[in-house]
Structure formats: C-alpha cells, structure tokens
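Summary of the model geometry
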Amino acid sequence: MNINDVSVGIDGSVYRFHPRYHDLLMFHMTKLLRPGIKFELLESDDGSGKGAALIAATAVQNQVSK
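Cut-off values and rules
Residues numbered from 1 in each chain as written. Predicted model: local features only at pLDDT ≥ 70, side-chain atom pairs only at ≥ 80, totals over all residues. Heavy atoms only, no water. UniProt positions renumbered as here; feature names shortened; annotations may be inferred. Helix = DSSP H or I, 4+ residues; strand = E, 2+ residues; numbered from the N terminus.

Per an unreviewed UniProt entry, the recorded name for the protein chain is Phosphotransferase, and the organism is Drosophila persimilis. A UniProt comment under Catalytic activity (unreviewed entry) is attached to the protein chain, and it reads "a D-hexose + ATP = a D-hexose 6-phosphate + ADP + H(+)". What the UniProt record of the protein chain gives under Sequence similarities (unreviewed entry) is the line "Belongs to the hexokinase family."

Here is the structure:
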C-alpha cells in the first residue's frame, strides 16, 4: 500500500481479555512489516456491527448514484 503510518482496528474477546495478546500481535507485526512502518492497534467496539453498517451504507449509495 506504500503507507508508512497505519492504524488497525481490532474487535473481539481474545484481543480484549487475553493478558498478552496485544503484546504478541505487536511483536509479530513488527517482524512482518518492513522497517520504518509505524502502526498502532486500536480496540474497536462492535467492529462487525460497524462493518455491516458501512457495507449497507455503501450499497445504498451505489444504488442512489446509478
């Protein structure tokens, strides 16, 4: 994507309640990404509900613009 600063929204009980999961994700993402990429992991409440709403709004907008 050629982006150097990324925010990642994460939803789910494992991320929210596992005592070391955030640290494990940070460690492995650092290994996977090329050097110099800055990223942050952000907890997103009700991510699936927000994603469904976004898809619905996009679908409606696409129908209106036709």
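Mapped onto the elements, Ala-57 comes out in helix 3 (residues 47-64). Each C-alpha atom, one on Ala-57 and one on Leu-41, is 25 Å from the other, the two residues being 16 residues apart in sequence.

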